[in-house]
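As a plain string of letters, each chain reads:
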Amino acid sequence: MRLPRCQICVKSLLILLSWLLLTPLHSQADTAEVATENQKATQPRTLSDELHTQLLEEMIWIEGGSFEMGSRLPTAGNREKPAHKVTLDGFYIGKTEVTQQLFEAIMGWNYSYFPCPNCPVNNLSWFNMLLFIERLNKATNKNFRLPTEAEWAYAAKGGQQSKNYLYSGSNNIDEVAWYAGNANKRSHPVATKKPNELGLYDMTGNLWEFCQDTMDRLIYTEQARINPLHSPHKNPKKRAMKVLRGSGYEFAANESEVFRRDGATNNVRMADIGFRLAITK
C-alpha cells in the first residue's frame with residue numbers, strides 16, 4: 001500500500017489497517033457501492049460523437065526509441081536505480097489523465113473527490129480502471145489499455161525530443177505541475193499547466209497514475225530491455241501491488257522528479273490516484 005513519503009495521513013492509516021486485517025472498511029457501504037457500480041457497468045454505454053472524436057484526437061503518437069530508465073542521482077531511492085537502457089516500439093498515449101466526464105460517460109458513475117467534468121477521475125481502483133477500459137473498448141471498437149511503466153517513463157521524459165528535464169517538461173515544477181507547493185491540497189482540471197516536449201499534460205503532479213506493471217523494488221537492473229512489462233501474475237484479478245508514476249497534488253517538488261516511482265494495491269482507491277490511456281499502433 002502506497003503511503004505519502006512526506007506524511008502519513010489518517011486516511012492512509014485506516015486503509016492500511018483494514019488491508020492488513022483483511023477486513024473491509026465500512027463493509028456494508030462498500031458492498032452496496034460495488035454492487036451499484038457493477039450494475040451500472042453492465043448496462044450498454046456509448047460515447048457521443050463529440051467525446052469519441054475528442055478521445056481519439058487526444059491520443060498522442062510516441063515514436064519508438066531507446067532511453068535511460070531510472071536515475072543516477074544520489075537522491076534516487078533504491079526502487080529507482082540503477083539506470084538502465086530500455087528500447088520501446090512506438091505507441092499512443094493520452095494527452096491528459098482520463099477525465100471525470102469521459103469516465104462517467106462510459107461507466108455511469110463517478111465518486112471522485114473534487115468533482116468537475118474536466119478534472120481527472122480519482123477514487124477508483126486499478127480494477128475499476130480495467131473495467132472502464134473494457135467497456136470503452138466495446139463502445140469504440142478500439143484496444144485501449146493502461147501504459148506499461150516503461151512507456152509511461154519514456155513519454156514523461158519527452159521520448160526522442162527529451163531535453164532531460166528534472167520534471168516532465170521543465171526544470172521549474174510550477175510551470176508543469178499541480179503539487180504541494182501550489183495545488184491547495186486538491187487536484188485541478190487537466191491541461192491547465194504547460195505540456196512536456198511531446199504535448200503531454202500533468203505527467204508530473206495532479207494525480208499519481210497507475211501503470212500495467214506490478215511493483216517490484218528490485219526489478220530495475222543494469223540489463224538492457226526491450227518493451228519490458230513486469231506482470232508475473234497471469235490473472236489480472238489477483239491482488240497485487242501496481243506501479244504508480246508521476247506524483248500527485250500533495251507531494252513536494254523533491255518527491256516529484258520524473259524518475260520517481262511508487263506503488264499501491266490494485267484494490268485501493270485514493271483521491272490522488274488516477275490514470276491515462278495508451279494504445280498500441
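Residues numbered from 1 in each chain as written. Predicted model: local features only at pLDDT ≥ 70, side-chain atom pairs only at ≥ 80, totals over all residues. Heavy atoms only, no water.

Caption draft 1: Structural view of the overall build of the protein chain. A count of helices and strands for the protein chain gives seven helices and eleven strands. Across the 281 residues in the protein chain, those meeting the buried criterion constitute 51%. For the protein chain, contacts bridging at least 24 residues in sequence account for 76% of all contacts bridging at least 6. When the accessible area of the protein chain is evaluated, it comes to approximately 13,200 Å², of which 52% is carbon and sulfur surface. (Helix = DSSP H or I, 4+ residues; strand = E, 2+ residues; numbered from the N terminus. Buried < 20%, exposed > 50% of the residue type's maximum accessible area, 1.4 Å probe, protein only. Contact = heavy atoms within 4.5 Å. Areas by Shrake-Rupley, 256 points an atom, 1.4 Å probe, with all protein chains shown as cover.)

Caption draft 2: Seen up close, the environment of Leu 51. Mapped onto the secondary structure, Leu 51 falls in helix H3 (residues 49–57). For Leu 51, a relative accessible area of 12% gives the class buried. Those residues within four positions of Leu 51 in sequence are excluded, and the remaining contacts are Gln 101 and Ala 105.

Caption draft 3: Spatial organisation of the nonpolar core. Counting residues in hydrophobic clusters, the biggest one holds 31 residues, and the most contacted among them are Phe 132, Phe 275 and Leu 277. Contributions of two or more residues to this core are made by H3, helix H4 (100–107), helix H5 (126–140) and strand S6 (208–214). Leu 88, Trp 152, Tyr 154 and Ala 155 belong to the second-largest nonpolar core, a separate cluster that totals 23 residues. (Core = buried A, V, L, I, M, F, W, Y, C linked by side-chain atoms within 4.5 Å.)

Caption draft 4: Examining helix H6 (residues 149–156) more closely. In terms of burial, H6 is largely enclosed, as eight of its eight residues are buried. Listing the buried residues of H6 in full gives Glu 149, Ala 150, Glu 151, Trp 152, Ala 153, Tyr 154, Ala 155 and Ala 156. One or two residues past the end of H6 sits Gly 158, with phi positive at roughly 100°.

Caption draft 5: The arrangement of the side chain of Ser 71 in detail. Looking at where Ser 71 falls in the secondary structure, it is placed in the loop between strand S2 (65–69) and strand S3 (84–88). A distance of 3.0 Å separates a polar atom in the side chain of Ser 71 from the backbone nitrogen of Leu 73. Setting aside anything within four residues of it in sequence, one finds Ser 71 in contact with Ala 76, Glu 80, Lys 81, Ala 83 and Phe 259. (Polar contact = N/O pair within 3.5 Å; in protein donor to acceptor, adjacent residues only side chain to side chain.)

Caption draft 6: Focus on unusual backbone geometry. Of note, the amide linkage connecting Lys 81 to Pro 82 takes the cis form, showing an omega dihedral of 10°. Mapped onto the elements, Pro 82 comes out in the loop between S2 and S3. At Ala 191, a residue that is not glycine, the phi angle is positive and equals roughly 60°. Position of Ala 191 among the secondary structure elements: in the loop between helix H7 (173–176) and S6. At Asn 206, a position not held by glycine, the phi torsion is positive, near 65°.

Caption draft 7: Examining the confidence of the model for the protein chain more closely. Per-residue pLDDT for the protein chain has a mean of 88; in total, 84% of the residues score no lower than 70. In the model, residues 1–31 has pLDDT below 50 throughout and makes 48 contacts with residues more than four positions away in sequence or in other chains. (pLDDT = per-residue confidence, 0-100.)

Caption draft 8: Molecular detail of the sheet that holds strand S4 (residues 91–94). Taken in spatial order, the four strands line up as S1-S4-S11-S5 in an open sheet, and their pairing is antiparallel. Each edge of the sheet is formed by a strand with only one pairing partner; in this case those strands are strand S1 (59–62) and strand S5 (144–145). Pairing of S5 with strand S11 (residues 278–280), which is carried by two bridges, proceeds in the antiparallel orientation. In the sheet register, Arg 145 faces S11, and the bridge partner there is Ala 278. (Pairing = 2+ DSSP bridges.)

Caption draft 9: Summary view of the pattern of salt bridges. This structure, assessed with the given rule, holds ten salt bridges. Here Glu 80 and Arg 260 are joined by a salt bridge, their closest N and O atoms 3.0 Å apart. Within this pair, whereas Glu 80 is found in the loop between S2 and S3, its partner Arg 260 is found in the loop between strand S8 (241–245) and strand S9 (261–265), the two being separated by 180 residues in sequence. There is no split in this pair, since Glu 80 and Arg 260 are both buried. Here Glu 175 makes a salt bridge to Lys 194, at a shortest N to O gap of 3.6 Å. With Glu 175 in helix H7 and Lys 194 in the loop between H7 and S6, this pair connects stretches of sequence that are 19 residues apart. (Salt bridge = Lys/Arg side-chain N within 4 Å of Asp/Glu carboxyl O.)

Caption draft 10: Inspection of the layout of surface pockets at higher detail. In this model, the second largest pocket occupies a volume close to 230 Å³. Along the walls of the second largest pocket sit 16 residues, with Gln 54, Glu 58, Thr 96, Thr 99 and Leu 102 positioned nearest its centre. Those elements that provide at least two residues to the lining of the second largest pocket are H3 and H4. With three residues, the single largest contributor to the lining of the second largest pocket is H3. Looking at side-chain class alone, the lining of the second largest pocket contains seven nonpolar, six polar and three charged residues. (1 Å grid on protein atoms, 1.4 Å probe; cavity = no way out; pocket = protein on both sides within 12 Å on 5 of 7 lines; lining within 4 Å. Points joined across faces, edges and corners; volume = space filled by probe spheres on them. Nonpolar A, V, L, I, M, F, W, Y, C, P; charged D, E, K, R; others polar.)

Caption draft 11: Summary view of the pairing of S2. Only one face of S2 is buried, namely the one carrying Gly 65, Phe 67 and Met 69, since none of Ser 66 and Glu 68 on the opposite face is buried. One ladder, built from five bridges, connects S2 with S3; its direction is antiparallel. Paired with Met 69 across the strands is His 84, a residue of S3.

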